[in-house]
Structures are given as structure tokens and as C-alpha cells.
Amino acid sequence: MIRSILIHPDPRLKKVCDPVTGISPEMGKLAEDMLETMYDAPGIGLAAPQVGITKRLIVMDCVKTEGEAPRPMVLVNPEITWSSEDLSTYDEGCLSIPDQYAEVDRPAEVRVRWTGLDGKQNEEQFSGIWATCVQHEIDHLNGKLFIDYLGPLKRQMITRKMEKLKRERARQG
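Every chain's residues receive numbers from 1 upward, in the order its sequence appears when written. Only residues with pLDDT of at least 70 are given local features in this predicted model, and only at 80 or more are side-chain atom pairs given and counted; all residues enter the totals for whole chains, interfaces and linings. Each side-chain value is derived from all of the structure's non-hydrogen atoms; neither hydrogens nor water enter the calculation.

The positions that UniProt labels "active site" (unreviewed entry) are, in the present scheme, Glu 137. The numbering of helices and of strands both runs from the N terminus, where a helix is a DSSP run of H or I of at least 4 residues and a strand a run of E of at least 2. Of note, Glu 137 is situated in helix α2 (residues 128-141). Taking the relative accessible area as the measure of exposure, Glu 137 reaches 3% and is therefore buried. It only takes one pair of heavy atoms within 4.5 Å for two residues to be counted as in contact. Among residues more than four places away in sequence, those in contact with Glu 137 are Gly 45, Leu 46, Ala 47, Gln 50, Ile 58 and Val 59. UniProt positions are given in the numbering used here, feature names are shortened, and annotations may be inferred rather than shown by experiment. We call a residue buried when its accessible area falls under 20% of the maximum for its residue type, exposed when it is over 50%, and partly exposed in between, using a 1.4 Å probe and counting protein chains only.

Here is the structure:
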């Protein structure tokens, strides 16, 4: 089921999310819905708070190459255990901040530990777009948006555009 994606500014996007305490069929259904919502948007990552659920759950699939098999990933309670000193700059966007992009510097590589839907612990080192995406999504779980890395003027300009977009959408019903 495709879920509605919250648009900034929304107080739920600024909350620190609670850890997931157990893997349940409901958690599996949420992850499935989130992947479907992400692919439909289309996007490469989605965090539970973006669909109004304040739990530490993210989904992502950064495969963009035509003909390459998709790699949907579900990360429960993800945490970064190591970050490279090298940075990479990526022109980031966000499904909760539609059609707005800005360059953000982040560690070029990160190692992340998480629980899978099977209840098993996983750890993987990510680089490139995968590293950027996983950091962006984990930021959501901590109430942080990519625009929080920008200067105040640029952040205010984007926030005003989103407020206008929300008013227009509300008028359209």
C-alpha cells in the first residue's frame, strides 16, 4: 500500500524516533509499504517518520543502472559504527521536500549496523550514493533534514516554498 509522505515543515519530521523493540508482522508490512511508496515516488530512500511513524526504520535501494537488479534494503535500528574522514559532496533531495536540491558534504564511506526483518544483525560498509543515502535516512530518524546542513537563508527559502506547496495542496483538496 502506498502511504502519504509528510511534507516539511511538519513537527513529526523533527522528532527523534524510538527504537524498534521487536520484529513483528506489522513491522514487515510497514517496510513493504515504505518500499512501495519509495519506488512510486520515485526515490532511493525513505524513513519511517516520513510516513508518520516515529520508529527507527529505513528502506533504500540506490540501484539506478538500467538492467541492473534492484537491491531493496530494510534497516531496523540502523546505526553508523564508522565514518571515513574523506568527504563527498552530493546534490541531495528529499521526498519530504519535493523538487528542492542542495549540495551536502558527508563522509564518503560509512559502516552501518542494523537488524534485518529476519531479526539478524547485519553490518555493511557503504560508499558513493549508498553512503549518502543511508546517512540521509538515518538523519531522518534523528529529526534532522538535509536542509539543516544549509545556511539559514537557503533553509528559510526552501521552508517558505514548502509552506506554499502545502497551502496549494490543501486548497486542491
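Moving on from the coordinates now.
Turning next to the pairing of strand β3 (residues 73-83). Pairing between strands is defined by DSSP: at least two bridges between them are needed. As paired elements, strand β2 (residues 57-60) and β3 share four bridges and run antiparallel to each other. Considered in β3, the bridge of Val 59 is made with Val 74. Pairing analysis gives five bridges linking β3 to strand β6 (residues 109-115), with the strands arranged antiparallel. Note that in β6 the partner of Val 76 across the bridge is Thr 115.

Another aspect to go through is the pattern of salt bridges. Between Lys or Arg on one side and Asp or Glu on the other, a salt bridge is scored when a side-chain nitrogen of the former is within 4 Å of a carboxyl oxygen of the latter. Overall, the coordinates contain eight salt bridges when judged by the stated rule. For Arg 12, the salt bridge goes to Asp 10, with nearest N and O atoms at 2.8 Å. Residue classification places Asp 10 among the buried positions, given a relative accessible area of 12%. A salt bridge links Lys 29 to Asp 33; the nearest nitrogen and oxygen atoms lie 2.6 Å apart. Here Lys 29 pairs with Asp 33, and both are found in helix α1 (residues 25-40), just four residues apart, close to one helical turn. Judged by relative accessible area, which is 38%, Lys 29 ranks as partly exposed.

Put simply, two rings from Phe, Tyr or Trp (the six-membered ring, in Trp's case) pair if the centres are within 6.5 Å, and we call them stacked under 30 degrees between planes, edge-to-face over 60, tilted for the rest. The final tally for this structure, using the stated rule, is two aromatic pairs. Residues Trp 114 and Phe 126 carry aromatic rings whose centres are separated by 6.2 Å and whose planes lie at 35 degrees to one another, so their mutual orientation is tilted. One end of the pair, Trp 114, is in strand β6; the other, Phe 126, is in strand β7 (residues 121-127), and 12 residues separate them in sequence. By relative accessible area, Trp 114 is classed as buried at 6%. A relative accessible area of 2% means that Phe 126 is categorised as buried. Consider the rings of Phe 126 and Trp 130, whose centres lie 6.3 Å apart with planes at 15 degrees: the pair is stacked. For the pair Phe 126 and Trp 130, one class covers both residues: buried. Each residue in the set Trp 114, Phe 126 and Trp 130 is aromatic and connected to the rest through ring pairs, giving one cluster.

With that settled, consider the sheet that holds β6. With antiparallel pairing, five strands are arranged side by side in an open sheet as β1-β2-β3-β6-β7. Every other strand in the sheet has two partners, leaving β1 (45-47) and β7 as the edge strands with one partner each. Mean inter-strand twist for the sheet, computed between neighbouring axes without regard to direction, equals 40 degrees. Lines are fitted to the C-alpha atoms to define the axes, a helix being fitted only along its stretch in contact, and any angle between axes, read from their N-to-C directions, falls within 0 to 180 degrees. Across the sheet, α1 touches β1, β2 and β3, and the angle it forms with β2 is around 40 degrees. The strands that α2 touches are β1, β2, β3, β6 and β7; relative to β2, the one it contacts most, it runs at about 155 degrees.

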